[in-house]
Amino acid sequence: VPVGGLAAPGGGDAGDFADDFLDAFASDSDDDDAKEAEEAKAKESESVQAEVLSRETVRLEAAVDDVLRRALGGSSGERAVKDTADLWSLSADLKEARGEFLAANEARLKRVRALETSGWRKDAAAFAEYAAASLDMCRGWVR
């Protein structure tokens, strides 16, 4: 027999109806809204951080590229062959990291050319460096 003479919807008793009714008003929707707002704010913060990091990365890459260009653009007469080759190697690595594969391969070729005057035909250490540079150049073209 229903309480108060009224039948609750869904065939349950009035106590179930009252619980459902109270649950509808006392739900955690305010908590859910707050959680959603916090999550949205966190996502926005992460997006801003990623954008700042991306800008900083581009700025640092440009600065490193500028330093390498200046170092390689000057007269190589006062710089040792090995130093010039190392600069070309760094330049190749930077360009490859930036996705500039053709420019990276050209820098690797310039590294090999710089090492051609290192006396690699007579010196074992110079030969090892020349061979490593040649192998790196070949691997760059295969990639």
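Structure's up top.
Attention in this report is confined to the structure presented alongside it.

Thresholds applied
Residues numbered from 1 in each chain as written. Predicted model: local features only at pLDDT ≥ 70, side-chain atom pairs only at ≥ 80, totals over all residues. Heavy atoms only, no water. Helix = DSSP H or I, 4+ residues; strand = E, 2+ residues; numbered from the N terminus. Polar contact = N/O pair within 3.5 Å; in protein donor to acceptor, adjacent residues only side chain to side chain. Axes fitted to C-alpha atoms, helices over the stretch in contact; angles between N-to-C directions. Parallel < 35°, antiparallel > 145°, perpendicular 65-115°, else oblique. Left-handed = near helix turned anticlockwise from the far one by under 90°. Contact = heavy atoms within 4.5 Å. Nonpolar A, V, L, I, M, F, W, Y, C, P; charged D, E, K, R; others polar. Expected span 1.5 Å × (residues − 1). Buried < 20%, exposed > 50% of the residue type's maximum accessible area, 1.4 Å probe, protein only. Salt bridge = Lys/Arg side-chain N within 4 Å of Asp/Glu carboxyl O.

## Focus: the environment of Asp 65
Note that Asp 65 resides in helix α2 (residues 29-73). A polar contact is formed between the side chain of Asp 65 and the side chain of Arg 98, at a distance of 3.4 Å.

## Concerning the packing of helix α4 (residues 101-115) against helix α5 (residues 124-142)
Put simply, α4 and α5 touch, their axes get as near as 9 Å, and they point 160 degrees apart. When the axis of α4 is compared with that of α5, the two are roughly antiparallel. Of the two elements, α4 crosses α5, and the hand of that crossing is left-handed. Contacts between α4 and α5 involve Leu 102, Asn 105, Arg 108, Leu 109, Arg 111, Val 112 and Leu 115 on the former and, on the latter, Glu 129, Tyr 130, Ala 133, Ser 134, Asp 136, Met 137, Gly 140 and Trp 141. Of the residues contributing to the contact of α4 with α5, the split by class is eight nonpolar, three polar and four charged.

## Comments concerning α4
Three or four residues apart is the spacing at which side chains of an α-helix point the same way, because the helix has 3.6 residues per turn. Taking 1.5 Å per residue, 15 residues should reach 21 Å; α4 reaches 21 Å between its end C-alpha atoms and fits that length. For α4, the full list of buried residues reads Ala 104, Asn 105, Ala 107, Arg 108, Arg 111, Val 112, Ala 114 and Leu 115. In this structure, the buried residues of α4 make contact with α3 (81-97) and α5.

## Re the pattern of salt bridges
Tallying each qualifying case throughout the model produces 17 salt bridges. Glu 129 is the salt-bridge partner of Arg 111, the closest N and O atoms lying 3.1 Å from each other. Of this pair, Arg 111 sits in helix α4 while Glu 129 sits in helix α5, and the two are 18 residues apart along the sequence. Assigned by exposure class, Arg 111 and Glu 129 land together as buried. Between Arg 143 and Asp 136 there is a salt bridge whose closest N-O contact spans 3.9 Å. Each of Glu 61, Asp 65, Asp 66, Arg 69, Arg 70, Lys 95, Arg 98 and Glu 100 takes part in a single network of salt bridges with overlapping partners.

Everything listed here is a matter of geometry and, on its own, says nothing about what the molecule does.
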